[in-house]
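For reference, the chains in residue letters:
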Amino acid sequence: MAAADLAQIPEVDIDSDGVFKYVLIRVHAAPPSGAPASENKEIVRGYKWAEYHADIYDKVSGELQRKGFDCECLGGGRISHQSQARKIHVYGYSMVSPGPGAGACALGGPGRLRVLQEARCRACSTASLQGFGRAQHSVSTEKIRAKYPDYEVTWADDGY
């Protein structure tokens, strides 16, 4: 994977209207074996269809991994996109909450769950918790402003 391949990945892909969850993802060009750390870029993804922030991350990271990229979720939040008013507001965070299959881990118990980026039981990989914390909204809004230069784009750490 080369930096040129990274450049082909759109920095922002969000739904055109409404309030929805979003994640900030760092995408790494996979270095050749034994090479130093690769180049990377951050991307913003937000969709109304997602019930959880992890739904977005799982879909996007899966697609990018199939193309040879590595991904990490840097956090999440919400986006209010009002296309007719030409306004986008970024806010909130991705909180840790029970995920699909919560409590289903037969090996569960105190200390077995990873919090934030990895929403799986350490012992058996059963989905148990999900949440990524707060994305760096200033980074997300700069990327959104670049895609929507004629919009008023704001952010706040307040709200969920």
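Bear in mind that the values here come from a model prediction, so they are computed numbers and not experimental data. (Residues numbered from 1 in each chain as written. Predicted model: local features only at pLDDT ≥ 70, side-chain atom pairs only at ≥ 80, totals over all residues. Heavy atoms only, no water.)

Trainee: I keep staring at the nonpolar core and nothing clicks. Help me out?
Mentor: In globular proteins that are soluble, nonpolar side chains generally tend to be buried together. Formed by 18 residues in total, the largest nonpolar core has its most connected members in Ile9, Ile25, Val27, Ile43, Val60 and Leu64. For this core, the element with the most residues is helix α2 (residues 53-66), which contributes five residues. Those residues in contact with Ile9, other than ones at most four positions away along the chain, are Val27, Lys41, Ile43, Arg45, Leu64 and Phe69. Leu24, Ala135, Tyr148 and Tyr151 belong to the second largest nonpolar core, which has 14 residues in total. (Core = buried A, V, L, I, M, F, W, Y, C linked by side-chain atoms within 4.5 Å. Buried < 20%, exposed > 50% of the residue type's maximum accessible area, 1.4 Å probe, protein only. Helix = DSSP H or I, 4+ residues; strand = E, 2+ residues; numbered from the N terminus. Contact = heavy atoms within 4.5 Å.)

Trainee: What should I look at first to understand the side chain of Lys143 in this one?
Mentor: As for its position among the elements, Lys143 is in helix α3 (residues 137-147). Residue classification places Lys143 among the buried positions, given a relative accessible area of 14%. Within the structure, Lys143 has its side chain in polar contact with the side chain of Glu11 (distance 3.4 Å). With residues near it in sequence (within four places) discarded, Lys143 still touches Glu11, Val12, Glu42 and Val44. (Polar contact = N/O pair within 3.5 Å; in protein donor to acceptor, adjacent residues only side chain to side chain.)

Trainee: Got a minute to help me understand the UniProt feature "binding site: substrate" (unreviewed entry) in the chain in this structure?
Mentor: With numbering aligned to this structure, UniProt lists the feature "binding site: substrate" (unreviewed entry) at Lys21. Among the secondary structure elements, Lys21 is positioned in strand β2 (residues 18-29). Assessed through its relative accessible area of 12%, Lys21 is described here as buried. (UniProt positions renumbered as here; feature names shortened; annotations may be inferred.)

Trainee: I tried to follow the pattern of salt bridges on my own but got confused; where do I start?
Mentor: Any two side chains of opposite charge can pair, given that their charged atoms come close. Under the defined criterion, the tally for this structure stands at seven salt bridges. Between Arg26 and Glu42 there is a salt bridge whose closest N-O contact spans 2.5 Å. Taken as a pair, Arg26 in strand β2 and Glu42 in strand β3 (residues 40-47) lie far apart in primary sequence, 16 residues in all. When its relative accessible area of 26% is taken as the criterion, Arg26 is described as partly exposed. The class for Glu42 is buried, based on a relative accessible area of 16%. For Asp150, the salt bridge goes to Arg86, with nearest N and O atoms at 3.1 Å. Placement of the pair is Asp150 in the loop between α3 and β8 (152-155) and Arg86 in the loop between β4 (69-82) and β5 (87-91), with a sequence separation of 64 residues. Judged by relative accessible area, which is 40%, Arg86 ranks as partly exposed. Among the charged side chains, a network of salt bridges with common partners joins Arg26, Glu42 and Glu72. (Salt bridge = Lys/Arg side-chain N within 4 Å of Asp/Glu carboxyl O.)

Trainee: In this structure, what is going on with the UniProt feature "active site" (unreviewed entry) in the chain? I would like to understand it.
Mentor: Mapped onto this numbering, the UniProt entry annotates "active site" (unreviewed entry) at His53. Within the element layout of this structure, His53 appears in helix α2. Ignoring sequence-local partners within four residues, the contact set of His53 consists of Lys21, Tyr22, Val23, Gly76, Gly77, Tyr93, Ser94 and Phe132.

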